[in-house]
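# Inside the fold
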Amino acid sequence: MQGPSRNCVHALEDQNKIAQAPLPSRDDQLKRLQEEEFDVLVIGAGATGCGVALDAQSRGLKTAMVEKFDFASGTSSRSTKLIHGGVRYLQKAIFGLDIEQYRMVKEALAERANLIEIAPHLAYPLPIMLPIYKWWQLPYYWAGIKAYDLVAGRQLLKTSYILFKSKALELFPMLKKDNLKGAIIYYDGQHDDARMCIAIALTASRMGACVANHVEVTDLEKEQGSSVLTGALLKDKITGKEMRVKAKCIINATGPYTDVIRKMDDPVHTKNICQPSSGVHVVLPDYYSPAKMGMLDPATSDGRVIFFLPWQNSTMAGTTDNPCQVTDNPAPSEDEIQFILNEIRNYLSADVNVRRGDVLSAWSGIRPLVVNPNAKDTQSIARNHIIEVSANKLITIAGGKWTTYRRMAEETVDRAIKEFQFKPERECATTGLMLDGAHTYTPTLFIRLIQDFGLDNQVAQHLASTYGDRAFKVAKLARLTGKRWPIVGKRLHDEYPYLEAEVVWAVREYACTTVDILARRTRLAFVNVHAAVEALPRIVQIMASELGWDETRQKETEHAMRFLRLEMGLELKNQTKDRVPINFTAEEINMLIKRFRGLDSDNKGYITINDLRRYFKRIGEGLSEEQLHEMLLEVDVNKNAEVDLGEFLQLMSALKSGAISNSRFARAAQGSAELEKPISIVRSGGGV
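Residues numbered from 1 in each chain as written. Predicted model: local features only at pLDDT ≥ 70, side-chain atom pairs only at ≥ 80, totals over all residues. Heavy atoms only, no water.

Inclusion rule: UniProt positions are given in the numbering used here, feature names are shortened, and annotations may be inferred rather than shown by experiment.
As recorded in an unreviewed UniProt entry, the protein chain goes by glycerol-3-phosphate dehydrogenase and comes from Capitella teleta. Database annotation for the protein chain, UniProt heading Sequence similarities (unreviewed entry): "Belongs to the FAD-dependent glycerol-3-phosphate dehydrogenase family."

Written out as C-alpha cells, the structure is:
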C-alpha cells in the first residue's frame, strides 16, 4: 500500500484551529470515558498507542486512549533517541538480497523525514561519525553509507562524506588517534522521545480524542451471549476509582505488555508472541563528546552496535540487547553498564579516563520483539511490526520501532476500519499533520523568548526545543529570579535549564506524579540522577500546591526515590562505590589519616555534621544545613550520622579507582588538612 498523499491533510479543518483548541482537564477526560461510547479504545500510550489514537481521531473516528502509567513511561522514553532507517538493516538487505529488509529501511527513511517536518522543534538531523581504523573498512563502510543516502532519495537529510584523520580529530578531539585512518560522516535524525510521544498525545487530545494516563485496564468486557469485545473495566490509579468504558473496537498497543492484554481477551488459547529484550543506556558528562556530533561503533566486541551521542547537553551511550522479563520497573545491571564503558574505551583517546563514577544516570528499556503468530516458523522474530486480530476482534499491534510509529498506526487503523466496517470521514491524514508546538515554531524562536521575557539563553533554547510555539505560555508562568539577569526563570536545579514553571505547566498536561516530572516532562532523571534527587523536594512542593497534596507528599517522595534508585541507576552507583577494595600504600594511609583528623578536630574517631559546620565557618563559606547533611550522606554508609575512618577510606578508594568521580566531603577533608600546615613566611615573589 502506498503512503497517503500529503494533500490529504488539507481535508482536515485548519491546522491552526487544532493548535488553538483547548486542552481538556484530566477530570473532564475521565468523565468522558464513563459517559460516552467510543468507536476505538486504544490501550497503551507509548509511541504506537499515541500514534493510533491520533490517526483514528484525525479520520473522524471517536477515539479514547488509556495508559496504565504515564504517556511514554515505558520503552518510548528509554530509546536511543534516534529517528533512523537502520544502516545495519540495509547492510543485511544488500548482502542477503532481502527485499523485505530493503522496504523496511526505505519506509523508515520516509517516516524519518516526515517526523522532522511535523515536529521541527523536537527532531533534527544529527551528523554521526564512523571512525576508520583499517584501510579495508573505508570502501566497505563508504559503499554502505552511500547506499543509505541513495535509498533515502528525496528524503535525504544531508549527504554523507569522508574525512581525513586530521579533520576527524578536529571535529571529534576525544577520538583515539592511534591507527586512525579517517572517518565517514552520515546523517540520521535525533529527538526527545518522551516529549515527542507527549506531543502526539496532546495533538490527539486537541483534535477531540479522550486521553487518560494513569488509568489501568483491569479486564475486557464482552456483550452477553457474544464473544466480541464491547469495552473494558478501568481503574484510575491516582484515586483508585473503578469505571467502565464502552467501545466498538479495542486496539492493544501495549508494547512489552502485549501478551498481558491478549491473555485478558483469551486466557486459554493465547500463546506468548512477545520476546522482551533489555536495552541499557548510560549518560556521561558533556565533555565526552562534541556538542553536535555522534559516533557509531558498528562492530563491538560481541557483534553489537554502540551509539555514542550528544543529547540534552550530556553524552549518551548504548545500547545492549539481552533477553529479560517484563516488569513495571526495568533496571540496568552493573555488567551492562561496564560493557558499554569498555566499548567506549576502545574508541576514546587515552587522555580520556573513562570512569564508572562519570556515569550520571543509567536506564533500561524493554524492547518488545515479537514472533509473528501467522508465520509457519513460530520461533522466528518478526523484523518489522505485526498486526493480529483475535477471534474476539481484539486488534494487537506489536513490534516495530519509534521511527515508523506513524506508519504502524496507519496500518492498524486501516485494519480496524476493515474489521468493523467503520465509515471514516477521511483517509489517513497524519502525513504532514503538525504536532503540538510545531505550528508557528521557527529556529529563532528562542531569541524572542530572551528578548520578551528576559530568560537565560540556555533556558530559552531549552523551552523552544521542548515546547515549540507553546514555550511562550510556559515562560509566562516563570517566576522572577531577583537578579539583574536573567530576569525570570527560576530553575529546578542550577546546573540544568529546567524551570519551576515547567512543573506547573506539566500538571496542565496531565502530569500526576513526581516521576512524571522527573522522567518525562523534564528529562532530569535521565541526564543526572543525583540532580534529580536534589530537585525532588522542590518538585514535590510545587505539585502539592497545584494538586492539593497533603498526605500524598511523603508517598510521592518515596515513590520517586524508589524509581531513581532502581530504574535510573542510583542504587548501583552507590553499591559500586561501597564495594571497591581499599588498597593504599602505607604512605597514602598516613596522608589520608591526617586529612581525616583535619576534620575530626576533637579526635573522637568519627566526623559529624558539627565538624563540617565548624570547618566551613573557619574558611568563611556559608553552607546550608541541607547541603551539610547531603555531604555527610555521601560517605555515611551505615546512616548513623557519623563518618568513621573506615567509611572515609572507602570513599577515597572509590575516588582513586574512578568508581566515583568527585566528592565534596573529600575536598573538605583535603582543605582542612591543608589549613593545619604551618604557614611559610617566604612570599612567592621573594622576601625582604
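## Some details on the packing of helix H12 (residues 445–453) against helix H13 (residues 457–467)
Rules: Angular values range over 0 to 180 degrees, each being the angle between N-to-C directions of two axes fitted as lines to C-alpha atoms, with helices fitted over their stretch in contact. For helices the rule is a DSSP run of H or I covering at least 4 residues; for strands it is a run of E covering at least 2, with both sets numbered from the N terminus onward. An angle below 35 degrees is treated as roughly parallel, one above 145 as roughly antiparallel, one from 65 to 115 as roughly perpendicular, and anything else as oblique. In this scheme the crossing of two helices becomes right-handed for a clockwise turn of the near helix relative to the far one and left-handed for an anticlockwise turn of less than a right angle. Two residues form a contact once any of their heavy atoms are found within 4.5 Å. Think of it as three bins: nonpolar holds Ala, Val, Leu, Ile, Met, Phe, Trp, Tyr, Cys and Pro, charged holds Asp, Glu, Lys and Arg, and polar takes everything else, Gly as well.
As a packed pair, H12 and H13 sit with axes 8 Å apart at the nearest point and diverge in direction by 130°. In terms of axis orientation, H12 runs oblique to H13. You can see that H12 and H13 cross each other, and the crossing is right-handed. Contacts between H12 and H13 involve Leu445, Phe446, Leu449 and Ile450 on the former and, on the latter, Asn457, Ala460, Gln461, Leu463 and Ala464. Across the contact of H12 with H13, the residue classes tally to seven nonpolar, two polar and no charged.

## Side note on the pattern of salt bridges
Formally: Whenever Lys or Arg places a side-chain nitrogen within 4 Å of a carboxyl oxygen from Asp or Glu, that contact is recorded as a salt bridge. Burial classes follow relative accessibility: with a 1.4 Å probe on protein chains only, a residue under 20% of its type's maximum area counts as buried, one over 50% as exposed, and anything between as partly exposed.
One pass over the structure, following the stated rule, counts 40 salt bridges. Between lysine 604 and aspartate 611 there is a salt bridge, and its shortest N-O distance comes to 2.9 Å. Overall, lysine 604 belongs to the partly exposed group, its relative accessible area being 30%. For aspartate 611, a relative accessible area of 2% gives the class buried. Notably, a salt bridge pairs arginine 613 with glutamate 625, separated by 2.8 Å at the nearest N-O pair. Here glutamate 625 lies in helix H23 (residues 625–635) and arginine 613 lies in helix H22 (residues 609–618), a separation of twelve residues in the sequence. Overall, the relative accessible area of 33% leaves arginine 613 in the partly exposed class. Connected through shared salt-bridge partners, Glu107, Glu111, Arg406, Arg407, Glu410 and Glu411 make up one network.

## As for the side chain of aspartate 188
Let me state the cut-off plainly: Two N or O atoms form a polar contact when they lie within 3.5 Å of each other; inside protein one atom must be a possible hydrogen donor and the other a possible acceptor, and for residues adjacent in sequence the pair counts only when both atoms belong to side chains.
Secondary-structure assignment places aspartate 188 in strand S6 (residues 182–191). Within the structure, the side chain of aspartate 188 is placed 2.6 Å from the side chain of arginine 112, a separation counted as a polar contact. The residues contacting aspartate 188, other than those within four sequence positions of it, are Ile83, His84, Gly85, Arg112, Tyr124, Pro125, Leu126, Ile128, Tyr148 and Leu157.

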